[in-house]
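Structural characterization, general
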Amino acid sequence: MEEKRSFRDSRTDEPLRSLPFFEGLDESVIRAAIAQVVTREHPAGRVILLENDWGSSVYFILSGWVKIRTYNIDGKEVTLNIVGRGELFGEMAPLDEVPRSTDVITLTPTVVANMPAHDFVRLMQTEPQAGIRLAKLMARRLRQVNRRLRLRESDSTSRVADILLFLAEGQGEEGEDGISIPNLPHRELSSLSGMARETVTRVLGKLEKKGIIRRTHDTLCIVNADALEDMLL
């Protein structure tokens, strides 16, 4: 099994400082908060967190994508969220002082910065701006979940369009041809949307034929985001 690689290097501080979560905080505050941060590289398919583990760290994604999953009462895997560069996860357990409630697994090669939980909690307690940032992040995630729940009774095309826009929001890379996101396995999009994998595959094929998206082996490019938005109306 490929092992993760851990390192602490001042050159890795800059990508961490540039994350939206730290934007606008005083330099001294940021320096103290990241003093004990360790950066780790994980291959695709690596379990970073397990449900019921205790929260000793909070994690900031510097590159790559991870999925947050749980299981329903029938033991079926349910993907709750997929998050990428600039996001954080694992913040709830240290704040609540309870075990983890979900698993987190890498979908692509991923670089994650691990902040000790006590440093994160101290930051929340002493810096109102950091607390506001976290509240805004959680509010955005709640809005996204509410939108997905609202669309559960919509047609399959609307639901796939919503998932693609959800993945692109704040995490997609904008280029001349559109917004690029990783071309994730259809089983992951299926679990996130609550639809059969075959249905997701069929809808993606239809969107590609219409020129709304374009796919390569590694990347899915949203060529016409407005057309996807119109499908949600």
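In case you missed it, the structure is sitting above this.
First, a word on what this report is: a plain description of the structure on this page. Given the structure is predicted, the values throughout are model-derived calculations rather than measurements. (Residues numbered from 1 in each chain as written. Predicted model: local features only at pLDDT ≥ 70, side-chain atom pairs only at ≥ 80, totals over all residues. Heavy atoms only, no water.)

Looking at unusual backbone geometry
Heads up, the condition is: Strands here are runs of E lasting at least two residues and helices are runs of H or I lasting at least four, both read from the DSSP assignment and numbered beginning at the N terminus.
Positive phi, normally seen in glycine, also occurs at Asn-52, with a value near 80 degrees. Turning to its location among the elements, Asn-52 is positioned in the loop between strand 3 (47–49) and strand 4 (57–63). A positive phi angle, close to 60 degrees, is found at Glu-97, a residue other than glycine. As for its position among the elements, Glu-97 is in the loop between helix 3 (92–96) and strand 8 (103–106).

Here's the deal with the sheet that holds strand 5 (residues 65–71)
Selection criterion: Note on pairing: two strands pair once DSSP finds at least 2 bridges between them. Axis geometry follows a simple rule: fit a line to the C-alpha atoms, using only the stretch in contact for helices, then measure angles between N-to-C directions, giving values from 0 to 180 degrees.
Taken in spatial order, the 4 strands make up an open sheet running 3-8-5-6, and their pairing is antiparallel. The open sheet has two free edges, formed respectively by strand 3 and strand 6 (77–84), since each of these has just one partner strand. Direction aside, neighbouring strands of the sheet carry axes that sit 30 degrees apart on average. Where strand 5 and strand 8 come together, 4 bridges link them in antiparallel fashion. The partner of Val-66 across the bridge, within strand 8, is Thr-106.

Remarks on helix 4 (residues 117–126)
To keep things clear, this is the line we draw: Relative accessible area decides the class of each residue, using a 1.4 Å probe on protein chains only: under 20% of the type maximum gives buried, over 50% gives exposed, and in between gives partly exposed. In what follows, residue pairs with any heavy atoms lying within 4.5 Å of each other are defined as contacts.
Within the sequence span of helix 4, burial applies to Ala-117, Asp-119, Phe-120, Val-121, Leu-123 and Met-124. Structurally, helix 4 contributes buried residues whose contacts are with helix 2 (27–33), strand 4, strand 7 (88–89), helix 3, strand 9 (110–116) and helix 5 (128–150).

Details of the packing of helix 5 against helix 6 (residues 156–168)
We apply this condition: Each angle gets one of four labels, with under 35 degrees taken as roughly parallel, over 145 as roughly antiparallel, 65 to 115 as roughly perpendicular, and the rest as oblique.
Direction vectors running N to C along helix 5 and helix 6 enclose 170 degrees, while the axes themselves pass 10 Å from each other. By the criterion of interaxial angle, the relationship of helix 5 to helix 6 is roughly antiparallel. Across the interface between the two elements, Gln-144, Arg-147 and Arg-148 from helix 5 touch Asp-162, Ile-163, Leu-165 and Phe-166 from helix 6.

Structural notes on the environment of Val-47
Tracing the backbone shows Val-47 in strand 3. Taking relative accessible area as the criterion, Val-47 reaches 37% and is therefore assigned partly exposed. Sequence separation between Val-47 and Val-104 is 57 residues; the distance between their C-alpha atoms is 6.0 Å.

Quick word on the pattern of salt bridges
Rule in force here: Definition used for salt bridges: Asp or Glu carboxyl oxygen within 4 Å of a side-chain nitrogen of Lys or Arg.
For the structure shown, the criterion picks out 13 salt bridges. Across the pair Asp-103 and Arg-69 runs a salt bridge whose closest N-O atoms are separated by 3.0 Å. With Asp-103 in strand 8 and Arg-69 in strand 5, this pair connects stretches of sequence that are 34 residues apart. Residues Asp-103 and Arg-69 agree in their burial class; the two are buried.

Points about the packing of aromatic side chains
Using the following cut-off: Side-chain rings of Phe, Tyr and Trp (the six-membered ring for Trp) are treated as a pair once their centres are within 6.5 Å; stacked means planes under 30 degrees apart, edge-to-face means over 60, and tilted covers the remaining angles.
Scanning the model with the defined rule gives 5 aromatic pairs in all. The interplanar angle of 85 degrees and the centroid separation of 5.3 Å between the aromatic rings of Phe-21 and Phe-22 together place this pair among those described as edge-to-face. This pair shows no difference in class: Phe-21 is buried, exactly as Phe-22 is. A ring pair is formed by Phe-21 and Phe-120, whose centres lie 6.1 Å apart and whose planes are at 25 degrees; its orientation type is stacked. In this pair, Phe-21 is assigned in the loop between helix 1 (13–17) and helix 2 and Phe-120 in helix 4, connecting sequence segments 99 residues apart. Assigned by exposure class, Phe-21 and Phe-120 land together as buried.

What to know about the pairing of strand 5
Most of strand 5 is tucked away: 6 of the 7 residues are buried. Judged from the 7 bridges that link them, strand 5 and strand 6 form a sheet pairing that is antiparallel. Counted as the bridge partner of Ile-68 is Asn-81 from strand 6. Two successive antiparallel strands, strand 5 and strand 6, enclose a turn made up of 5 residues, where Gly-75 displays a positive phi of approximately 85 degrees.

As for helix 6
This is how the line gets drawn: A helix is expected to reach a length of 1.5 Å times the quantity of its residues less one. What qualifies as a polar contact is a pair of N or O atoms within 3.5 Å, subject to a donor-acceptor requirement within protein and to the restriction that residues adjacent in sequence count only when both atoms come from side chains.
Counted at 1.5 Å a residue, the expected span for helix 6 with its 13 residues is 18 Å, and the 19 Å between its end C-alpha atoms agrees. Across the 13 residues of helix 6, 12 count as buried, placing the element largely inside the fold. Residues of helix 6 that are buried include every one of Thr-157, Ser-158, Arg-159, Val-160, Ala-161, Asp-162, Ile-163, Leu-164, Leu-165, Phe-166, Leu-167 and Ala-168, and no others. Residue Asp-155 occupies the N-cap position of helix 6, its side-chain oxygen lying 3.1 Å from the main-chain nitrogen of Thr-157.

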